[in-house]
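The primary structure of each chain is shown beneath.
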Amino acid sequence: MKTLLLAEWIAPMNRPPLHQAGVVFDESRILAVAPANTLRQQHPDATLIDAGAAIILPGLINAHTHLELSDCTRLCPPPDSFVQWLKDVISRTTQDPANLASSVQHAISTATAQCLRFGVTTVADISRQCHLTRPLLRQSPLRVVSYGEVQAMAERRDLLEPRLATAIDRTHASDRLRVALSPHAPYSIEATGYRRCLQLAKNHHLPLATHLAETPDEATFLANHTGPFRDLWDFLHAWDDRVPTFPAGPIRFAQSLGLLDHPTLLAHVNYCDDDELAILAASQASVVYCPRTHAYFNHPPHRWRDMLARGINVAVGTDSAASSPDLNLVDDLRLLHRLAPDLSPETLWQMATLRAARALDQHQSLGSITPGKAPDFALFPVATRDPLREVLETHRLLPAQLWIAGQPVYPPP
Ligand SMILES: [Zn+2]
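Model, not experiment: these values are computed from the prediction. (Residues numbered from 1 in each chain as written. Predicted model: local features only at pLDDT ≥ 70, side-chain atom pairs only at ≥ 80, totals over all residues. Heavy atoms only, no water.)

J.: What's the story with unusual backbone geometry in this structure? I'm lost.
T.: Most peptide bonds adopt trans geometry, and most residues besides glycine take a negative phi value. Residue Pro77 is reached from Cys76 by a cis peptide bond, and omega for that bond is -5°. One can find Pro77 in the loop between β6 (60-65) and α2 (82-93). Cis geometry marks the peptide bond from Tyr410 to Pro411; its omega dihedral reads -5°. On the secondary structure map, Pro411 appears in the segment after β16 (407-410). Not every positive phi belongs to a glycine, and Ala154 is a case in point at roughly 50°. (Helix = DSSP H or I, 4+ residues; strand = E, 2+ residues; numbered from the N terminus.)

Shown next, in the form of structure tokens:
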């Protein structure tokens, strides 16, 4: 069945917005994008829906979150340090195994409702409990790149292979749920584990993500196993001295492992000097900046604009509810618009669409309104002739409609 969706504006993202235009699609793909009159003439058999005073955007892509933490809401004021925050999240989410499945189910339900309300159609979800989250997410309308998270260091080194097996298990994969892999961070998985993940990602064509350079303590820990991350291992009573050191910081660590010769998604990269910026610019990796989470931890200004200027692919994510007020990705774009009012609104929207799709290695099928790509759309009500700016400057404005795979999912049919 063909649908013709028209609106005052459409913003395909790979070209400038079109006025009084629309998109024709079926359940699997976009067929045409053009002015309204052209589409009416060429597709008289399509079911016509005129959204009126709205802008049609590609479905938004949250390039970094942890949906299973959606009930672990953030503490205000924030804990004194990142490691104190981590300890707090660990203690709040470690529970009786008998309750785990039901609490994960509730968190995923909370998360899914938020994504759909905020215009997000695709999520890069990092999941430690992927054996529980994948069957739940498969039932939701969302598209999910489900990165099974792997931690394996020190006395927990031997957990590498069983955790990898769970992470790459494709039992619950579907045309909307893609299995992917995430070695967690340089303070929780050793070089051997990272190399194994990279090899599996290449062999099985799995998107790959890791947390990198999130705090300056990562470099200290890598160099000599001291500082707050070592305190965390002592707190867990799981340290041993066979963990190798690395002297030159997390970005060169990732480079040494081959992660930067691959389209790896690097979450955060909050700490990056000019030489490291040049390394990233020569790499195939993408950076995901999580603006409201970054602000919560009070990091120094993120170098996302320097990254964009150097040609690095930068996308936006919310990170989890444990550090972000909610999963409203547009509010992250609104913060960026306030931080960089001179930057074009279209560049910001691309960070939640085209650039995000590339960060997830999904740009062949997602991220722009282009014939052949998936028919996922978010429609926002607008009234001005600068609609991309208007949505960013209208506090709390929410989508009027959301479509995934050619079907309306919001408002509920
Ligand atoms: Zn994260």
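J.: For this particular structure, what's the right way to read helix α4 (residues 130-138)?
T.: For α4, the full list of buried residues reads Cys130, Leu132, Thr133, Arg134 and Leu137. Elements that come into contact with the buried residues of α4 comprise α3 (97-117), β7 (120-127), β8 (143-150), α5 (160-167) and β9 (177-183). (Buried < 20%, exposed > 50% of the residue type's maximum accessible area, 1.4 Å probe, protein only. Contact = heavy atoms within 4.5 Å.)

J.: Explain the coordination of the zinc ion here, please?
T.: Angles at a metal have ideal values that depend on geometry: 109.5 degrees with four tetrahedral donors, 90 or 180 degrees with six octahedral donors. Protein-derived coordination of the zinc ion comes from His64 (NE2), His66 (NE2) and His211 (NE2), at a distance range of 2.1 to 2.2 Å. Expressed as a motif, the donor residue spacing for the zinc ion is H-x1-H-x144-H. With His64 in strand β6 and His211 in strand β10 (residues 209-212), this pair connects stretches of sequence that are 147 residues apart. An identical accessibility class is assigned to His64 and His211; each is buried. (Donors = N, O, S within 2.8 Å, 3.2 Å for Na, K, Ca; no water.)

J.: Quick question: what am I supposed to make of the packing of aromatic side chains here?
T.: Geometry of an aromatic ring pair is reported as the spacing of the ring centres plus the angle between the planes. In this structure the tally under the stated criterion is 15 aromatic pairs. Arranged with centres 5.2 Å apart and planes meeting at 85°, the rings of Trp85 and Phe297 form a pair that is edge-to-face. Note that Trp85 is positioned in helix α2 and Phe297 in the loop between α11 (291-296) and α12 (304-309), a separation of 212 residues in sequence. Take Trp85: its relative accessible area is 9%, and that puts it in the buried class. Judged by its relative accessible area of 15%, Phe297 falls in the buried class. A network of ring pairs unites the aromatic residues Phe82, Trp85, Tyr187, Phe221, Phe229, Trp233, Trp239, Tyr296 and Phe297 as a single cluster. Geometry around Phe235 places Lys87 over its ring, the cationic atom sitting 4.9 Å from the centre. (Phe/Tyr/Trp six-rings, centres within 6.5 Å; stacked < 30°, edge-to-face > 60°. Lys NZ or Arg CZ within 6 Å of the ring centre and 35° of its normal.)

Taken by themselves, the reported measurements are silent on function.
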